[in-house]
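The primary structure of each chain is shown beneath.
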Amino acid sequence: MLCAWPLLWLIPPGALVYAGYSVYAYLARLASAMGLGSAPYPPRLAPPPDRATGSEEPAYTHYLFGPALADLRHAARTALPAPWQACRHHRFRVLDGTGTGNAVWLTAPAGRMIVMAMFVGVIGGYLAVVALYAVQVAVVAALTVVVAATGLVLRAADSALRRVKGIRTSCPSCHLRVQRPSYECAAPGCGRRHRDVRPGRYGVVRRRCGCGALLPTLVLMGGGGRMRAHCPHCAEPMSRGVGTVPEIVVPVLGAATTGKTRLMTALVMGLVEGPAGHGARSEFADEQSENAYRGLADKLQAGVHTWKTIRVKDAPLRAYTLRVLPPRGSPRLLHIFDAPGELVGASELLRELRYIKSARTFLFTLDLLSVDVVWDSLPAADRAGYARLRSDMATDFVFGQLLQNIEGLGVPTEKARLAVALTKDDLVRHCDALAGVGRDSDDIRRWLEGPAGLDGVVRAMRRHFAEVRFFRTSSWLTSGEIDAGVLDLSGWLLVREGLQVHHSP
Amino acid sequence: MQTDPYRPWRLAVFLVVVAVAVLCAVPIGLSFLRYLASLGAR
């Protein structure tokens, strides 16, 4: 048999071939372990839950925040041994193929050299494979750091932008402050709700819902338009665009039958269909607001009375929410709350109106028919006709209750504004008691402090609120036109809430 | 069959590993070819 030493030259090229083959075997197995190629064999990962539970969201965890680690473990188990396994098989084939036959004197030593080359090559190849695995670990670690840092930056930017824009969100149904609305997946037939869509472990710029649809994470940067928001406290739907624009809360408060609902309907009608926006366009931000408005608007246009607002037991008092787009500046969500008069009269019930906490402009309705001097100056026939429409609660009592509860809820009234709407002006416009009283706020105030005998209430209003403005309003349409007092009131409200509209208060 | 939601990321990581392997293999292969050429010259 030939001595093996003359065949030593076979070792370097053989070792190189086997080292290359080891790397190839590793990469092929790695591709399979990562779910790529024709024979994917990725690690088993639990699918996302169908609904949010605990800290889990119904979304796929971002690759780098979980699945990448599972892939590394899986690759260590299945791909790293690939060089040994492949070459062990070759070793037997080489020894079997070279150990028999007529030329065994030549093939047997060559086979031994090849096996030796294989041994050297596999050791070298394995070192290369371990280095490649380390590269993969380093790549995943670096990407994780970069993506996590990007997520943190975007999250901080989102919070900062929210703060700069002054965005604070309240639920129009339960009135609780909402830090982050839940968002419903926009894919047809999905309906999975995501509690916190901000950049995080489920995605930095986008996240993948359990149904496979991609959802934006940066709601504030215009990504939330397609998704429907829900309140995390009561699960009721929230308005379109909630959480992306600043919100204005205007509670309409006053005793029962002072005309709150009609005034609010006239305001909304003026904003949506009329000139009350003073250059700003308004649209309903949710179906509930539009449906509630349509019923009342029909009555207003038909010139019939609206029913007293009655709170159905345990049913939430919902705001009428409009998206107001001023000619200049950013849009706003305007929530106008119509509080039933019964709640206003009872202190313990008034505390349920938690939305008051978010308000900085209050609208107080004062029924002109309830002012004694006006009532007494009306002809007897008018008094008989209007008796049903007259509010019978004392203005000073109602305002005192309101003030006590507004302050009790922690509203800094010294920084808040109060619009006082003297309602039903159309019924008493020509009575003697109002003769010579103009539509200017100071004229109305002087009349209230003087002949109307409400100086105590006016004093309390001016003492507690930063700004008080008086308006004479009528919620009846004159030839289909909205009363000038209502238009003036809406203009003042919008300007005072920072909207750049064409109105000089 | 539902597609793998992580496929783009997996493909990216895999391609980086392959790219590193190729970048390292090229100089090693060239060195070996030079070694063979020197053997032939002798």
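The shown structure was predicted, so the numbers you read here are calculated from the model rather than taken from an experiment.

## Side note on the interface of chain A and chain B
Inference 1: Listed as interface residues are 28 residues of chain A and, on the opposing side, 18 residues of chain B.
Inference 2: Of the roughly 2,000 Å² buried where chain A meets chain B, counting both sides, 79% is carbon and sulfur surface.
Inference 3: With its nearest N and O atoms 2.7 Å apart, the salt bridge here joins Asp71 of chain A to Arg10 of chain B.
Inference 4: Counting the contacts that link chain A with chain B gives 2 residue pairs in polar contact (both at pLDDT 80 or more).
Inference 5: Looking at the side of chain A that touches chain B, the elements that each hand over two or more residues are α1 (11-33), α2 (67-78) and α4 (104-165) of chain A.

## A few points about the packing of α1 of chain A against α4 of chain A
Residue and element names in this part refer to chain A.
Inference 1: The interhelical angle for the contact between α1 and α4, taken along N-to-C directions, is 40°, at an axis separation of 6 Å. In this view, α1 runs oblique relative to α4, as classed from their interaxial angle. As α1 packs across α4, the resulting crossing turns out to be right-handed.
Inference 2: Partitioned by chemical class, the residues of the contact of α1 with α4 number 19 nonpolar, 5 polar and no charged.

## A few points about the environment of Met238 of chain A
Residues and elements named next belong to chain A.
Inference 1: Within the secondary structure, Met238 is located in the loop between β7 (228-230) and β8 (247-254).
Inference 2: Met238 gets classed as buried once you look at its relative accessible area, which sits at 4%.
Inference 3: Along the backbone, Met238 and Leu36 are 202 residues apart, and their C-alpha atoms lie at a distance of 42 Å.

Here is what the cut-offs are and how they apply
Residues numbered from 1 in each chain as written. Chains lettered and ligands numbered in written order. Predicted model: local features only at pLDDT ≥ 70, side-chain atom pairs only at ≥ 80, totals over all residues. Heavy atoms only, no water. Contact = heavy atoms within 4.5 Å. Buried area = accessible area lost by both parts, 1.4 Å probe. Salt bridge = Lys/Arg side-chain N within 4 Å of Asp/Glu carboxyl O. Polar contact = N/O pair within 3.5 Å; in protein donor to acceptor, adjacent residues only side chain to side chain. Helix = DSSP H or I, 4+ residues; strand = E, 2+ residues; numbered from the N terminus. Axes fitted to C-alpha atoms, helices over the stretch in contact; angles between N-to-C directions. Parallel < 35°, antiparallel > 145°, perpendicular 65-115°, else oblique. Left-handed = near helix turned anticlockwise from the far one by under 90°. Nonpolar A, V, L, I, M, F, W, Y, C, P; charged D, E, K, R; others polar. Buried < 20%, exposed > 50% of the residue type's maximum accessible area, 1.4 Å probe, protein only.

Keep in mind that these numbers describe shape and distance, not what the molecule does.
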